[in-house]
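Read off the chains here:
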Amino acid sequence: MAIQKVGVIGCGLMGHGIAQVAAQAGFTVVVRETQQAFLDKGMARIQKSVAKLVEKQKTTQADADAALARLSGTLELGDLADCDLVVEAIVEDLDVKKTLYAELGKLCKPSTILASNTSSFPIAEMGNASGRPERMVGLHFFNPVQLMKLVEVVRTEKTSDEVFAEARAFGEAVGKVSIAAKDTPGFVVNRLLVPYMAEAMRMVERGDATCEDVDTGMTLGTGYPMGPFTLTDYVGLDTTLFILEGWHERYPNDPLFVPPQILRDKVKAGKLGRKTGEGFYKWEGDKRA
Ligand SMILES: NC(=O)c1ccc[n+]([C@@H]2O[C@H](COP(=O)([O-])OP(=O)(O)OC[C@H]3O[C@@H](n4cnc5c(N)ncnc54)[C@H](O)[C@@H]3O)[C@@H](O)[C@H]2O)c1
């Protein structure tokens, strides 16, 4: 495959996982962060995760060492100029992302494929900002990247066939099953999941059922590992509201994207889910209180 050197921008929750799986798959990886402290934290996360794989005998010490040797960190965007693929996993802010893509469009070599891990923004807008929309795709990984088997490969109307095929091959090369998606809100998975979470909230708002009964219904009735309220508490109520608000603003006539009032109220009250100790449920660490 044409991709050998991979740049990852952002070494947070998703970026560190993407960098890790790429290095383990044999790619040369350079990760860019904005501050040394963030880079150190991300790299430490990768080292810990790789060490755990050795401990569990999922990989050998030699392979782990080789993967880590293929990985380097930088604060300079210019160090990604000769990458064959750049995967962006920075903060979910479209203006910040567009500024970054404009810079990447200027500094990367002409053949570089640009990929965003965004969960909620149109890939086309970032492609246009880069000035090379035919080389832009979505590579939407799932958290935790090291464990979740799926990657959605998203093509816009302008993505070239070659770029799409290369991005898909990269997804498979890092051990994921890839699915093809068009550049629509939420792609495949979140398009179904987020409105489902919102409809569960509307059900409770109407007084049709309690959170507990909805969650029990969906776990025992469909075999889902967790119900929509537990899931929202894990994802974060603020993140869920942010996604819905963005889609609602863009597509005001779609009733599936209207943010439920109960969600707005909880976010306003600082009840953001497991991370704040309360969302739809009360939490003590990882356990329901
Ligand atoms: N968290 C999830 O479950 C999840 C799942 C799929 C996709 N995503 C998407 O992945 C992206 C990253 O999310 P996350 O949860 O990893 O966020 P995060 O906050 O954990 O990490 C983002 C990192 O990017 C860094 N950063 C910000 N601007 C930068 C820049 N210009 N250059 C380099 N680094 C920069 C920040 O310092 C931070 O470390 C978002 O677009 C999000 O929508 C998140």
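In the block above lies the structure referred to throughout.
Residues numbered from 1 in each chain as written. Predicted model: local features only at pLDDT ≥ 70, side-chain atom pairs only at ≥ 80, totals over all residues.

## Points about the packing of helix H2 (residues 36-55) against helix H3 (residues 61-69)
Rules: Here an angle of 0 to 180 degrees is reported between the N-to-C directions of two axes, which are lines fitted to C-alpha atoms, with helices fitted over the stretch in contact. The numbering of helices and of strands both runs from the N terminus, where a helix is a DSSP run of H or I of at least 4 residues and a strand a run of E of at least 2. Throughout this description, any angle smaller than 35 degrees is read as roughly parallel, any larger than 145 degrees as roughly antiparallel, any in the 65 to 115 degree range as roughly perpendicular, and the remainder as oblique. Crossings are assigned a handedness: left-handed for a near helix turned anticlockwise from the far helix by less than a right angle, right-handed for a clockwise turn. In this description, any two residues whose backbone-derived C-beta atoms lie within 7 Å of each other are considered to be in contact. Classes in brief: Ala, Val, Leu, Ile, Met, Phe, Trp, Tyr, Cys and Pro nonpolar; Asp, Glu, Lys and Arg charged; the others, Gly included, polar.
It is the contact of H2 with H3, at a shortest axis distance of 9 Å, that shows an interaxial angle of 160 degrees. In this view, H2 runs roughly antiparallel relative to H3, as classed from their interaxial angle. With respect to the hand of their crossing, H2 and H3 are arranged in right-handed fashion. Packed against H2, whose contacting residues are Gln-47, Val-50, Leu-53 and Val-54, the element H3 presents Gln-61, Ala-64, Ala-67 and Leu-68 at the interface. By residue class, the composition of the contact of H2 with H3 is six nonpolar, two polar and no charged.

## Things to note about the pairing of strand E7 (residues 150-155)
Our working rule: Backbone-placed C-beta atoms define the burial measure: a residue is buried with 20 or more other C-beta atoms within 10 Å of its own, exposed with 12 or fewer, and partly exposed in between. Criterion used throughout: strands pair if DSSP finds at least two bridges between them. Looking down the strands as they point away from the viewer, one classifies a crossover as right-handed if the path from the first strand across the helix to the second runs clockwise.
For E7, a buried count of five out of six residues is recorded, marking the element as mostly surrounded by other parts of the structure. As defined by bridge partners, strand E6 (residues 136-141) adjoins E7 across five bridges and the pair is classed as antiparallel. The partner of Gly-138 across the bridge, within E7, is Val-154. Taken together, the six bridges between E7 and strand E8 (residues 177-182) define a ladder with parallel strand orientation. In the strand pairing of E8, Val-151 is matched with Ser-178. Note on the crossover from E7 through helix H6 (residues 161-173) to E8: the handedness is right-handed.

## Comments concerning the sheet that holds strand E5 (residues 113-116)
In a beta sheet, neighbouring strands pair by backbone hydrogen bonds and run either parallel or antiparallel. The eight strands lie next to each other as E3-E2-E1-E4-E5-E6-E7-E8, forming an open sheet whose pairing is mixed. For this open sheet the edge positions go to strand E3 (71-74) and E8, each flanked by a neighbour on one side alone. Within this sheet the neighbouring strands show an average axis-to-axis angle of 25 degrees, counted without direction. Judged from the four bridges that link them, strand E1 (residues 5-9) and strand E4 (residues 85-88) form a sheet pairing that is parallel. In the sheet register, Val-6 faces E4, and the bridge partner there is Leu-85. Seen against the sheet, H6 touches E4, E5, E6, E7 and E8 and runs at an angle of roughly 175 degrees to E7.

## With respect to the nonpolar core
Within soluble globular proteins, side chains that are nonpolar tend to cluster in buried spots. Worth spelling out the cut-off: Buried Ala, Val, Leu, Ile, Met, Phe, Trp, Tyr and Cys residues form a nonpolar core when they are connected through C-beta atoms within 7 Å.
Among the nonpolar cores identified, the biggest contains 50 residues, and Ile-18, Ala-19, Val-29, Val-86 and Val-137 are the most heavily contacted of them. Residue contributions to this core peak at six residues, all from helix H1 (residues 13-24). In contact with Ile-18, not counting residues within four places along its chain, are Val-8, Val-87, Ala-89, Asn-117, Phe-141 and Val-145. Grouped together as the second largest cluster of nonpolar side chains are 21 residues, Met-197, Met-201, Val-235 and Leu-263 included.

## What to know about the packing of helix H10 (residues 237-250) against helix H11 (residues 261-268)
Look at H10 against H11: their axes get within 9 Å of each other, and the N-to-C directions meet at 130 degrees. In terms of axis orientation, H10 runs oblique to H11. In the crossing of H10 with H11, the sense of the turn from one axis to the other is left-handed. Where H10 approaches H11, its residues Leu-237, Asp-238, Thr-240 and Leu-241 are matched on the opposing element by Leu-263, Arg-264, Lys-266 and Val-267. When the residues that make up the contact of H10 with H11 are grouped by side-chain class, the tally is four nonpolar, one polar and three charged.

## Observations concerning unusual backbone geometry
A cis amide bond links Asn-143 to the next residue, Pro-144, at an omega of -5 degrees. Mapped onto the elements of the fold, Pro-144 is located in the loop between E6 and E7. Phi angles above zero are rare outside glycine, and Gln-57 is one such case at about 60 degrees. Tracing the chain through its elements places Gln-57 in the loop between H2 and H3. The class for Gln-57 is exposed, based on 7 C-beta atoms found within 10 Å.

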